[in-house]
Amino acid sequence: MAALNAEVPVGAIIVCEGEIIAEASNQPIASCDPTAHAEICCIRTAAASIRNYRLTGCTLYSSIEPCLMCAGAVMHARLDRIVYGATEPRGGAVSGHVNYFEALSHLHKIEVVGGVLADDCRGIIQEFFRARR
């Protein structure tokens, strides 16, 4: 969906108790909102869906490693777990030079699983940018 709108094709869903309660894709261009990353939009939708800003017991699935902004939102939402596909070597905040979720000062610990379908997720991003050049 995002790629069809000239947005970087990143998608996210949030699952709670085995059910998808939110899904989103990148939309900063369409919404004129630099914070409209897939993860942020998904968190907003999930919180509205359950009418609670705390998403305890929920898992965020994202096609790419979250940036620092998204990692902060995940922490504030108190998600239990994040699962992502491809790493983001330039702006990722989990597997690269910054590992936000391992900071000792956080009161809430989040389980992180990376690399799920990484080749497929990376391929979608690479094809998007290849087509733009």
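Residues numbered from 1 in each chain as written. Predicted model: local features only at pLDDT ≥ 70, side-chain atom pairs only at ≥ 80, totals over all residues. Heavy atoms only, no water.

(A) Region of interest: the side chain of glutamate 39. In this fold, glutamate 39 is placed in helix α2 (residues 38–50). Arginine 44 is the oppositely charged side chain nearest to the buried, salt-bridge-free glutamate 39, at an N-O distance of 11 Å. Leave out the neighbours within four places in its chain, and glutamate 39 touches Val10, Ala12, Leu60, Ser62, Ile64, Pro66 and Cys70. (Helix = DSSP H or I, 4+ residues; strand = E, 2+ residues; numbered from the N terminus. Buried < 20%, exposed > 50% of the residue type's maximum accessible area, 1.4 Å probe, protein only. Lys, Arg positive; Asp, Glu negative; His and termini not counted. Salt bridge = Lys/Arg side-chain N within 4 Å of Asp/Glu carboxyl O. Contact = heavy atoms within 4.5 Å.)

(B) Region of interest: the pairing of strand β1 (residues 11–16). The pairing of β1 with strand β2 (residues 19–25) spans 6 bridges and is classified as antiparallel. Within β2, the position partnered with valine 15 by the bridge is isoleucine 20. Hairpin remark: β1 followed by β2, antiparallel, with 2 residues in the connecting loop; positive phi at glutamate 17, about 50°. Alignment of β1 against strand β3 (residues 58–64), held across 5 bridges, turns out to be antiparallel. When the bridges of β3 are listed, alanine 12 appears paired with serine 62. (Pairing = 2+ DSSP bridges.)

(C) Region of interest: the layout of surface pockets. Its boundaries defined by the atoms lining it, the largest pocket holds a volume of some 620 Å³. Along the walls of the largest pocket sit 27 residues, with Val8, Ile64, Glu88, Ile125 and Phe129 positioned nearest its centre. At the level of elements, α1 (28–31) and α4 (118–132) are the ones that each hand at least two residues to the lining of the largest pocket. For the lining of the largest pocket, the element with the most residues is α4, which contributes 6 residues. Looking at side-chain class alone, the lining of the largest pocket contains 12 nonpolar, 6 polar and 9 charged residues. (1 Å grid on protein atoms, 1.4 Å probe; cavity = no way out; pocket = protein on both sides within 12 Å on 5 of 7 lines; lining within 4 Å. Points joined across faces, edges and corners; volume = space filled by probe spheres on them. Nonpolar A, V, L, I, M, F, W, Y, C, P; charged D, E, K, R; others polar.)

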